[in-house]
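The residues making up each chain are set out below.
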Amino acid sequence: MANHPHPDRKVLARTGAEVRDRLAGDPAVWRFPEERAEVYVVDDFLPASSCRYLMRLIDDVACPSCVIDGKDWPDYRTSYSGDLDVRDRCVSDLERRISAVTGIASERGEWAQGQRYRRGEFFGEHCDWFDTASTYWQHERRCGGQRSWTAMIYLNAVEEGGTTEFTRVTLSVPPRAGALLLWNNALPDGTPNPWTMHAARPVLRGVKYVVTKWFRARPCQ
Ligand SMILES: O=C(O)CCC(=O)C(=O)O
Ligand SMILES: [Fe+2]
């Protein structure tokens, strides 16, 4: 299997179809009109009180963000971030809400990560799926494998900047408090989707808070 270029292809294709069907049947979910990438939004996903609480929690746990292979990528992700403890009631409620929409059990995801961008901070262009030719893959393949879907919740609106931009398709998403942004990192056949390349543009005025949950092909906690 290690020699296969797309080791989790079958399960990612199946997960993609299951989640796609589920989202199509949910009137609260809206898909961006873009064939090449499956990107969805759910407005008013999280109540304002939870957003406020999670922003304070992120302030408590946030440390300078890292990227996989971070030493090769200085100044690529300048935000602050930290894992959110699922023993917190608000965090577990958020995890439950994400699983209710996607149908994916939270154990098939990494720990939810809170992220804060202050003025000038950003996350450079990247895809969330793993490069299976890299050395870090030897670790990731044993703990959950390839990334499947990404769920990201905006906790606040930003005065200026801080959009999430899918750079290979014409799609720019401004932060809206309580909105969930969801996308499939795989193509329908389960291989990595290069059209999901995205970036968090620099915050120009205000502060931006998000929570990200990256799902995997297999349980990883
Ligand atoms: O903050 C954003 O808008 C994007 C964050 C992101 O790309 C990620 O968490 O993988
Ligand atoms: Fe990302």
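- With an unreviewed UniProt entry as reference, the protein is termed 2OG-Fe(II) oxygenase, source organism Novosphingobium silvae.
- Under the UniProt heading Cofactor (unreviewed entry), the note attached to the protein is "L-ascorbate".

1. Describing the pairing of strand β5 (residues 113-117)
Part 1 of the reasoning: By the criterion of burial, β5 is predominantly enclosed, with five of the five residues buried.
Part 2 of the reasoning: Residues Q113, Q115 and Y117 line one face of β5 and the alternating positions G114 and R116 line the opposite face, and both faces are buried.
Part 3 of the reasoning: In terms of strand pairing, strand β4 (residues 80-83) meets β5 through four bridges, oriented antiparallel. Among the inter-strand pairings, S81 is bridged to a residue of β5, identified as Q115.
Part 4 of the reasoning: One ladder, built from five bridges, connects β5 with strand β14 (residues 208-216); its direction is antiparallel. Looking across to β14, one finds that Q115 is bridged to V210.

2. Considering the coordination of the iron ion (ligand 2)
Under perfect tetrahedral coordination by four donors, a metal shows angles of 109.5 degrees; under perfect octahedral coordination by six donors, it shows angles of 90 or 180 degrees.
Part 1 of the reasoning: Coordination of the iron ion (ligand 2) by the protein is provided by H126 (NE2), D128 (OD) and H198 (NE2), with metal-donor distances spanning 2.1 to 2.2 Å.
Part 2 of the reasoning: All donor residues of the iron ion (ligand 2) come from one chain, and their arrangement in sequence is H-x1-D-x69-H. Residue D128 is found in the loop between β6 (123-126) and α4 (137-140), and its partner H198 is found in strand β12 (residues 198-200); the two are separated by 70 residues along the sequence.
Part 3 of the reasoning: Given the relative accessible area of 5%, H198 is considered buried.

Scoring rules and cut-offs
Going along each chain's sequence as written, the residues are numbered from 1 onward. Here the convention is simple: chains get letters from A, ligands get numbers from 1, in the order in which they are written. Local features in this predicted model are restricted to residues whose pLDDT is 70 or higher, and side-chain atom pairs enter the listing and the counts only when it is 80 or higher, whereas totals over whole chains, interfaces and linings include all residues. Side-chain figures throughout are based on the complete set of non-hydrogen atoms in the structure, without hydrogens or water. UniProt positions are given in the numbering used here, feature names are shortened, and annotations may be inferred rather than shown by experiment. Relative accessibility under 20% of the residue-type maximum defines a buried residue, over 50% an exposed one, and the middle range a partly exposed one, all with a 1.4 Å probe and only protein chains included. Think of it this way: any DSSP run of H or I at least four residues long counts as a helix, any run of E at least two long counts as a strand, and we number them from the N terminus. Any two strands with at least two DSSP bridges between them are considered paired. Because no water is among the atoms considered, metal sites can look incomplete, with donors defined as N, O and S atoms within 2.8 Å of the metal, or 3.2 Å for Na, K and Ca.

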